[in-house]
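What the coordinates show
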Amino acid sequence: MKNQYIHSPRLSREEVQLVLENAPPEQTILIEGDNGIGKTSLMNQVAEKLSNNGRKLNVVFLNGKTMKDGDLAIPVLNKQTGTLDMVLRTRLYNMLVKEAGILIIDELPKAPLVVQKEGSSMAYERYIGEEKMHPESRVWMTGNLSDEGFGDALDGTFLSRITRIHMGKASGKQIGEYGATQGWHETILLMCNEYSDKIGESYTDLDDMDIDNLDKRVAHNPYIYDPKVESSKDGFVNARTLERASVWMHQYKVNGDAITYNLVRGACGTPFANELFQMLKTSNELPSWDAVESDPSTVQVPVNGVPMIMMVYRCLNNISGGNYKQVMTYVERLAIECQDMFFKLLRLKSKASRDALKVYNALVTLPTFQQWCAKNDFLATPDKKEND
């Protein structure tokens, strides 16, 4: 009989962030979740935020996959007693014992058993070797799901000493919003938008839906990795692989169709690559960016949803301090939903890039943009952070 949950057994990225920011230092947190969903990047992001919050916290990052016995502490002969003392490495002593810090152990369940046992001592007794950690030091860990097939499993003794959190996958649209701030290729962003539910789905969601037949699991979602289905190893779509696919799409003009197709297929799998290249046909039929810049008032504007959204991403990726007026002219000719989408994504991008921030601040001072804001009830003001 399957477990009956009162609430979702998975937390969103935002909810996990809230936990990390407010957890007492002595509570060890292990974030589990599907491969490539951003567990480690979230920990690094929160660690940086806490370190910049008026209280300096050192950050020590260790990779469980490459750790070995002696990475944390080494045995040294005590000449007085004739016994071995476990002496902590200098860097760890200075950053986690002498001062407060955050120890992030990525992929701990993949570490050798002897390292896991040391991690168990850190998790509960707060000792590294024979040294007690600073009372404000924290221990955070990540791992994949134990049934995902990547060798992630911890014994019951260890699990009884920590708090495990299952971090769910973000939706495709949420991944796309992040990608938009990072300059991902327009076709990848469009795929995130159009296949949001499928990209954001986990194989554990299929379990919750009682989809046990293997053929039905593949038919329901061919894009994601499902450890229960051998053929699903040709589908591996997550935030990490999408970012890699975007790199290859940006080199499309250099590599051409066949090479780019196989690179994207190698990153995300055949089903995703097939759908993406259908989208690419739409992209190639749209006006070039040179045409948009030179004649934004009369150049072709798509008449239906998918090509129009593609132009939103194209404008987002190409807007600069030298062409933002032309971009404003062109975007105003798109459907109002696409206009709203463009300006919201540009505002998000401005929070992640100083160059984008300058463009955003220049754009919001345009009289035409201010008129658009008044007409469409959109609040936009210059961000003073540009001058910080």
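Scope of this entry: the structure provided in the associated data block. (Residues numbered from 1 in each chain as written. Predicted model: local features only at pLDDT ≥ 70, side-chain atom pairs only at ≥ 80, totals over all residues. Heavy atoms only, no water.)

Following the criterion strictly, the structure yields eight aromatic pairs and no others. When the ring of Y261 is compared with that of F277, the centres are 5.4 Å apart and the planes differ by 85°; the resulting orientation is edge-to-face. Taken together, the positions of Y261 in helix 12 (residues 252-268) and F277 in helix 13 (residues 270-284) put the pair 16 residues apart, joining distant regions of the chain. A relative accessible area of 23% places Y261 in the partly exposed class. (Phe/Tyr/Trp six-rings, centres within 6.5 Å; stacked < 30°, edge-to-face > 60°. Helix = DSSP H or I, 4+ residues; strand = E, 2+ residues; numbered from the N terminus. Buried < 20%, exposed > 50% of the residue type's maximum accessible area, 1.4 Å probe, protein only.)

Size it by volume and the largest pocket reaches roughly 1200 Å³. Taken together, 39 residues make up the lining of the largest pocket; nearest its centre are R13, G38, S41, Q45 and Y178. Across the lining of the largest pocket, the residue classes break down as nine nonpolar, 16 polar and 14 charged. (1 Å grid on protein atoms, 1.4 Å probe; cavity = no way out; pocket = protein on both sides within 12 Å on 5 of 7 lines; lining within 4 Å. Points joined across faces, edges and corners; volume = space filled by probe spheres on them. Nonpolar A, V, L, I, M, F, W, Y, C, P; charged D, E, K, R; others polar.)

Before going further, it helps to spend a moment on empty space enclosed by the protein. Tallying each qualifying case throughout the model produces one cavity of 30 Å³ or more. When its volume is computed, the largest cavity comes out at roughly 80 Å³. Forming the boundary of the largest cavity are 11 residues, of which D34, N35, K169, Y225 and N238 lie nearest the centre.

Let's shift gears to the pattern of salt bridges. Applying the stated rule across the entire model yields eight salt bridges. In this structure, E107 and K110 form a salt bridge, with 3.0 Å as the shortest nitrogen-oxygen distance. E107 gets classed as buried once you look at its relative accessible area, which sits at 8%. Given the relative accessible area of 23%, K110 is considered partly exposed. (Salt bridge = Lys/Arg side-chain N within 4 Å of Asp/Glu carboxyl O.)

Bringing the sheet that holds strand 2 (residues 58-63) into the picture now. Read across the open sheet, the five strands follow the order 2-5-8-1-9; overall the sheet is parallel. Single-partner strands in this sheet number two, and they are strand 2 and strand 9 (163-166). Direction aside, neighbouring strands of the sheet carry axes that sit 20° apart on average. In this sheet, strand 5 (residues 101-106) lies alongside strand 2 in parallel orientation, the contact comprising six bridges. Bridge assignment links V59 to a residue of strand 5, and that residue is I102. Those strands touched by helix 1 (residues 13-22) are strand 1 (29-33), strand 8 (138-144) and strand 9, and its axis lies near 170° from that of strand 1. (Pairing = 2+ DSSP bridges. Axes fitted to C-alpha atoms, helices over the stretch in contact; angles between N-to-C directions. Contact = heavy atoms within 4.5 Å.)

Residues that lie three or four places apart on an α-helix share one face, since the helix turns once every 3.6 residues. Taken residue by residue, helix 6 (residues 172-181) has G172, I175, G176, G179, A180 and T181 as its buried positions. Lining the buried residues of helix 6 we find helix 7 (186-194), helix 8 (196-199), helix 11 (239-250), helix 15 (305-318) and helix 17 (336-350). With its phi angle positive at about 80°, G183 sits one or two positions after the end of helix 6.

Here we take up the environment of D215. Within the secondary structure layout, D215 lies in helix 10 (residues 214-220). By relative accessible area, D215 is classed as exposed at 62%. Sequence separation of D215 and V229 is 14 residues, and the distance between their C-alpha atoms is 8.3 Å.

Right, let's talk about the pairing of strand 8 for a bit. On a regular strand, each side chain points to the face opposite its neighbour's, so the side chains alternate between the two faces of the sheet. Most of strand 8 sits out of view: seven of its seven residues are buried. Residues R138, W140, T142 and N144 line one face of strand 8 and the alternating positions V139, M141 and G143 line the opposite face, and both faces are buried. Summarising the sheet, strand 1 and strand 8 pair through five bridges and their orientation is parallel. Each residue of the ladder has a partner; that of L30, found in strand 8, is M141. The pairing of strand 5 with strand 8 spans four bridges and is parallel. Along strand 8, the bridge assignment pairs I105 with M141.

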